[in-house]
Number of protein chains: 2
Amino acid sequence: MVKVKVVEQVTKANDQIASQNQALLDGSGTFAVNLMASPGAGKTSLLMRTVEVLRDRLRIGAIEGDTASQVDADRVATTGIPVVQINTGGGCRLDANMLRPALQELPLEELDLLLIENVGNLVCPAGLALGQHADVVIASVPEGDDKPYKYPGIFVAVDAIVINKIDLLPYLEFDVRAFRELVGGMNPEAQIFEVSCETDEGIEEWAGWLASQCGRDS
Amino acid sequence: MVKVKVVEQVTKANDQIASQNQALLDGSGTFAVNLMASPGAGKTSLLMRTVEVLRDRLRIGAIEGDTASQVDADRVATTGIPVVQINTGGGCRLDANMLRPALQELPLEELDLLLIENVGNLVCPAGLALGQHADVVIASVPEGDDKPYKYPGIFVAVDAIVINKIDLLPYLEFDVRAFRELVGGMNPEAQIFEVSCETDEGIEEWAGWLASQCGRDS
């Protein structure tokens, strides 16, 4: 009973701070997207490709979440957009309290879109409020098409699902149709995109959807 | 302060049950290995390939950990070895208390080697005692060679690191030498194996090491 009570208090405190974060983002007209995926599914690559495609249409910033290091922030910084690294110190996800100081370091008034790259994890980040306006999970072809069976919590709680690394489909067993049917049954509202950051296939469609989401709120 | 105290109590309780689990395994002469990796790194495939290679030398059983579903246990059951699925109900790792009833369901007296497949996660399972005798992390070529920077906690706390899916090296950027140097600096004692469950490259070496580990304790 004690343990449950502590968890409830922590969640409630997180949600309050998440609301404040979202109010801050709404005040500056910044649409925030929470990008989640397994380690190595291509979150940073997709984020960077998205920046390159949308930078003429939108002013973009990024937050990079990792348990340690700032290799991702260093990579993203090469695009020239404002970026802040959050190290969770071993924690398996970002939370609203970690996001708050990162938001204060960013020039939000100058940003239309904020891409938040969560810690690589298909379990912990699912359904947690940070202040974001949309949640996206990236599924990578090499991971196999059965992940929604094993990690349903994250697939049911997102606005979009991106199937990444489709250039590797010729070399791997991944049944795109079966995957689409599976996640379509779990989360019929979710948009599904098939992309490759190597060949650029599908990137324009994904980026167009993101831009339309920003427009909806601005 | 209250929160920290609760976490300490939970860890202490886990470690006590883990000791009991290990005593049970030692009593039956069963060597237990905790397999950890990202979702889709190939834990189940490697486990099944290991069973096929070692089944004439060792009596093997398996425990499959997932947040939901029993697709992995169903796959492993096709090899004919005893297997138990643990669903964590959303939890991001196995713990000692989850393992206990699973151990009671297995014919431990008839097993030399128990392969425990943890929940797909590079953060939560790191360093947690279940009762296992050895910890292994599987790194998959499509994830990229930079994961040890971002998830150091798991790479420093294992006895062996398996680089899986090396058949995909021609199609992806993964610098095996740089990866070996990186993890070698973080964890000089860890054995490193390069394997492919598609081509069987390196499987015999990995399986031989596992068998030698069992021999050490039997």
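These numbers were taken from a predicted model, which means no experiment stands behind them. (Residues numbered from 1 in each chain as written. Chains lettered and ligands numbered in written order. Predicted model: local features only at pLDDT ≥ 70, side-chain atom pairs only at ≥ 80, totals over all residues. Heavy atoms only, no water.)

## Here we look at the state of the cysteines
Residue and element names in this part refer to chain A.
Moving on, step 1. What the rule picks out here adds up to 2 disulfides over all chains.
Moving on, step 2. A disulfide bridge connects C92 with C124, and the sulfur atoms are separated by 2.3 Å. In this structure the cystine formed by C92 and C124 twists about its S-S bond by roughly -100°; its chirality is therefore left-handed. Of the two residues, C92 sits in the loop between β3 (83–87) and α4 (96–105) while C124 sits in the loop between β4 (113–117) and β5 (134–140), which places them 32 residues apart along the sequence.
Moving on, step 3. Taking the relative accessible area as the measure of exposure, C124 reaches 9% and is therefore buried.
Moving on, step 4. Its sulfur unpaired, C197 is 18 Å from the next cysteine sulfur, which belongs to C214. (Disulfide = S-S within 2.5 Å. Helix = DSSP H or I, 4+ residues; strand = E, 2+ residues; numbered from the N terminus. Buried < 20%, exposed > 50% of the residue type's maximum accessible area, 1.4 Å probe, protein only.)

## Some thoughts on empty space enclosed by the protein
Moving on, step 1. Inspection of the entire model under this criterion finds 1 cavity of 30 Å³ or more.
Moving on, step 2. Volume-wise, the largest cavity comes out at about 60 Å³.
Moving on, step 3. Lining the largest cavity we find 13 residues, and of these G40 and E143 of chain A together with P39, G40 and E143 of chain B sit closest to its centre.
Moving on, step 4. For the lining of the largest cavity, a count of residues per class yields 6 nonpolar, 4 polar and 3 charged. (1 Å grid on protein atoms, 1.4 Å probe; cavity = no way out; pocket = protein on both sides within 12 Å on 5 of 7 lines; lining within 4 Å. Points joined across faces, edges and corners; volume = space filled by probe spheres on them. Nonpolar A, V, L, I, M, F, W, Y, C, P; charged D, E, K, R; others polar.)

## Let's talk about the environment of V176 of chain B
Residues and elements named next belong to chain B.
Moving on, step 1. Among the structural elements, V176 can be located in helix α7 (residues 176–186).
Moving on, step 2. Sequence spacing of V176 and I166 is 10 residues, and the spatial spacing of their C-alpha atoms is 9.3 Å.
Moving on, step 3. With residues near it in sequence (within four places) discarded, V176 still touches I163, L169 and E194. (Contact = heavy atoms within 4.5 Å.)

## Looking at the relation of the copies chain A and chain B
Moving on, step 1. Overlay of chain A on chain B (RMSD 0.0 Å): rotation 180°, translation along the axis 0.0 Å. Given the turn and translation reported, the copies of this chain are related as if by a two-fold rotation axis.
Moving on, step 2. The fraction of interface residues of chain A whose copies in chain B are also interface residues reaches 97%, indicating that both copies meet through the same surface. (Least-squares fit on C-alpha atoms with pLDDT ≥ 70 in both.)

## So, the layout of surface pockets
Moving on, step 1. A volume near 750 Å³ is recorded for the second largest pocket.
Moving on, step 2. Along the walls of the second largest pocket sit 34 residues, with S45, R75, K165 and E198 of chain A together with P142 of chain B positioned nearest its centre.
Moving on, step 3. Among the secondary structure elements, those contributing two or more residues to the lining of the second largest pocket are α2 (43–54), β2 (60–66) and α3 (71–77) of chain A together with α5 (147–150) of chain B.
Moving on, step 4. With 6 residues, the top contributor of residues to the lining of the second largest pocket is α2 of chain A.
Moving on, step 5. When its residues are assigned to classes, the lining of the second largest pocket shows 9 nonpolar, 9 polar and 16 charged.

## Some remarks on the sheet that holds strand β2 (residues 60–66) of chain B
Residue and element names in this part refer to chain B.
Moving on, step 1. Taken in spatial order, the 7 strands of this open sheet run β3-β2-β4-β1-β5-β6-β7, and their pairing is parallel. Sheet topology places β3 (83–87) and β7 (191–194) at the edges, where each strand pairs with a single neighbour. Here the strands of the sheet are splayed against their neighbours by 20° on average, with no regard to which way each runs.
Moving on, step 2. Alignment of strand β5 (residues 134–140) against strand β6 (residues 160–164), held across 5 bridges, turns out to be parallel. When the bridges of β6 are listed, V136 appears paired with A160.
Moving on, step 3. In the packing of helix α2 (residues 43–54) onto the sheet, the strands contacted are β1 (31–37), β2, β4 (113–117), β5 and β6, and the crossing angle to β4 comes to about 170°.
Moving on, step 4. Strand contacts of helix α4 (residues 96–105): β2, β3 and β4, with the helix running at about 160° to β3, the strand carrying the most contacts. (Pairing = 2+ DSSP bridges. Axes fitted to C-alpha atoms, helices over the stretch in contact; angles between N-to-C directions.)

## Comments concerning the interface of chain A and chain B
Frequently, the measure chosen for interface size is the accessible area that the parts lose on association.
Moving on, step 1. Taken together, the contact pairs 34 residues of chain A with 33 residues of chain B.
Moving on, step 2. Where chain A abuts chain B, roughly 2,500 Å² becomes buried across the two surfaces, and 65% of that area is made up of carbon and sulfur atoms.
Moving on, step 3. Along the contact surface separating chain A from chain B lie 2 salt bridges.
Moving on, step 4. Here D72 of chain B ties to K150 of chain A by a salt bridge, and the two come within 2.8 Å at their closest N and O atoms.
Moving on, step 5. Among the elements of the structure, α1 (2–27), α3 and α5 (147–150) of chain A are those that each provide at least two residues to the side of chain A that touches chain B. (Buried area = accessible area lost by both parts, 1.4 Å probe. Salt bridge = Lys/Arg side-chain N within 4 Å of Asp/Glu carboxyl O.)

## Brief notes about the packing of aromatic side chains
The geometry of an aromatic ring pair is captured by the separation of the ring centres together with the interplanar angle, meaning the angle of the planes.
Residues and elements named next belong to chain A.
Moving on, step 1. Counted under the stated rule, the structure contains 11 aromatic pairs over all chains.
Moving on, step 2. Where F174 meets F179, the ring centres are 5.3 Å apart and the plane angle is 40°; that geometry is what we call tilted. The same class applies to F174 as to F179, namely buried.
Moving on, step 3. With centroids separated by 5.8 Å and ring planes inclined at 70°, the aromatic side chains of F193 and W206 adopt a geometry described as edge-to-face. Of this pair, F193 sits in strand β7 (residues 191–194) while W206 sits in helix α8 (residues 203–217); the two residues are 13 residues apart in sequence, bridging distant segments of the chain. Across the pair, W206 and F193 agree in class, each one buried.
Moving on, step 4. Each residue in the set F155, F174 and F179 is aromatic and connected to the rest through ring pairs, giving one cluster. (Phe/Tyr/Trp six-rings, centres within 6.5 Å; stacked < 30°, edge-to-face > 60°.)

## Observations concerning the sheet that holds β5 of chain A
All names here are of chain A.
Moving on, step 1. Taking strand neighbours across the sheet as the criterion, the 7 strands line up as β3-β2-β4-β1-β5-β6-β7 in an open arrangement whose pairing is parallel. On the outer flanks of this sheet lie β3 and β7, each paired with one strand and no other. On average, each strand axis in the sheet is inclined to that of its neighbour by 20°, with strand direction left out of account.
Moving on, step 2. In this structure, strand β1 (residues 31–37) lies alongside β4, joined through 5 bridges in parallel fashion. Counterpart to F31 in the pairing with β4 is L113.
Moving on, step 3. On the sheet, α2 packs against β1, β2, β4, β5 and β6 (160–164) and is oriented at approximately 170° with respect to β4.

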